[in-house]
Amino acid sequence: MNYSRQRAIILETLKENVVHPTAEYLYSILKEKDSNISLATLYRNLNQLADNGIIKKIDGLETSSHFDHNVNEHYHFICEKCMRVFDISTDVASDVVKKAENETGFLVKKHDIIFTGICKDCLEKIKEND
């Protein structure tokens, strides 16, 4: 993947915003930075970065994908209430790949696990309103 100044700015902005932002969220930040990057250019670069394994693309509850600069192996949890995305350690299912391979005979080269539900903060708000 060739270097591009725009791609470098996008990656830097993603790393500064570790909230698993959507492209639209990143675009609003880039506009504040007075960047001339169009939304189409942002989408194209985010998808190229994800396709090349430099970032992760997280698809889940919303129509918009979220993006994660952390490409170390980990899982995600998406809250159905606040739509935030949280990292979860692979320790919760450390042998899931081995079990899948043993059960199916497949060779797993890549996997992505996404949990959905309600985060602790939203659960506390629900309890407070009961």
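It should be emphasised that the depicted structure is a prediction, and the values quoted were computed from it without experimental measurement. (Residues numbered from 1 in each chain as written. Predicted model: local features only at pLDDT ≥ 70, side-chain atom pairs only at ≥ 80, totals over all residues. Heavy atoms only, no water.)

1. Overview of the layout of surface pockets
Rule in force here: Each cavity reported here is a set of points on a 1 Å grid over the protein atoms alone in which a 1.4 Å probe fits but cannot get out, each pocket an open set with protein on both sides within 12 Å along at least five of seven lines, and each lining residue one with an atom within 4 Å of a point. Grid points are joined across faces, edges and corners, and a volume is the space filled by probe spheres set on the points. Per the convention used, a helix needs a DSSP run of H or I reaching at least four residues, while a strand needs a run of E reaching at least two, with both numbered from the N terminus. Basically, the charged four are Asp, Glu, Lys and Arg, the nonpolar ten are Ala, Val, Leu, Ile, Met, Phe, Trp, Tyr, Cys and Pro, and anything else, Gly included, counts as polar.
The volume enclosed by the largest pocket comes to roughly 400 Å³. Looking at the largest pocket, it is lined by 17 residues, and the ones nearest its centre are Lys56, Val71, Lys110, His111 and Asp112. Residue contributions to the lining of the largest pocket peak at 3 residues, all from strand β1 (residues 56–58). Class assignment for the residues of the lining of the largest pocket results in 7 nonpolar, 3 polar and 7 charged.

2. So, the sheet that holds strand β5 (residues 114–117)
Hydrogen bonding along the main chain pairs the strands of a sheet, whether they run parallel or antiparallel. Quick reminder of the rule: By definition, two strands form a pair when at least two bridges between them are found by DSSP. Here, axes are lines fitted to C-alpha atoms. For helices the fit covers the stretch in contact, and angles between N-to-C directions go from 0 to 180 degrees.
Ordered in space as β4-β3-β5, the 3 strands form an open sheet in which the pairing is mixed. Two strands in the sheet have a free side with no partner beyond their single neighbour: β4 (85–88) and β5. Pairs of neighbouring strands in the sheet enclose a mean axial angle of 25°, with direction left out of account. Sheet topology places strand β3 (residues 75–79) next to β4; 4 bridges connect them, and they run antiparallel. Its bridge partner lying in β4, Ile78 is registered against Val85.

3. Some remarks on the confidence of the model for the protein chain
Here is the rule: As a per-residue measure, pLDDT reflects the predictor's confidence and takes values from 0 up to 100.
Mean pLDDT for the protein chain: 90, with 98% of residues reaching 70 or above. Averaged pLDDT values over the elements of the protein chain bottom out at 90 in strand β2 (residues 66–68) and peak at 95 in helix α4 (residues 96–104).

4. Some details on unusual backbone geometry
With the exception of glycine, most residues fall at negative phi, and the peptide bonds are largely trans. Operational definition: For every residue, the accessible area (1.4 Å probe, protein chains only) is compared with the maximum for its type, and the residue is labelled buried under 20%, exposed over 50%, or partly exposed between those bounds.
A positive phi angle is found at His20, which is not glycine, with a value near 55°. Within the secondary structure layout, His20 lies in the loop between α1 (5–16) and α2 (23–32). A relative accessible area of 6% places His20 in the buried class. Here Met83, not a glycine, exhibits a phi torsion of approximately 65°, which is positive. Mapped onto the elements of the fold, Met83 is located in the loop between β3 and β4. With a relative accessible area of 21%, Met83 lands in the partly exposed category.

5. What to know about the packing of α1 against α2
Formally: An angle below 35 degrees is read as roughly parallel, one above 145 as roughly antiparallel, one from 65 to 115 as roughly perpendicular, and any other as oblique. Contact between two residues is taken to exist if any of their heavy atoms lie within 4.5 Å; hydrogens are not considered.
The geometry of α1 relative to α2 is characterised by a closest axis approach of 10 Å and an angle of 110° between their N-to-C directions. When the axes of α1 and α2 are compared, the pair comes out roughly perpendicular. Two secondary-structure elements touch here, α1 through Ile9, Ile10, Thr13 and Leu14 and α2 through Leu26, Ile29 and Leu30. Here the contact of α1 with α2 is built from residues that sort into 6 nonpolar, 1 polar and no charged.

6. Focus on the packing of aromatic side chains
When we look at a pair of aromatic rings, we describe it by the centre distance and by the angle of the planes. What counts here: Pairing of aromatic rings covers Phe, Tyr and the six-membered ring of Trp, with a centre-to-centre limit of 6.5 Å; geometry is then stacked below 30 degrees between planes, edge-to-face above 60, and tilted otherwise.
Within the structure shown, the criterion is met by 2 aromatic pairs. Here the aromatic rings of Tyr75 and Phe115 are separated by 6.4 Å at their centres, their planes lie at 65°, and the arrangement is edge-to-face. One end of the pair, Tyr75, is in strand β3; the other, Phe115, is in strand β5, with 40 residues separating them in the sequence. For Phe115, a relative accessible area of 33% translates into the label partly exposed.

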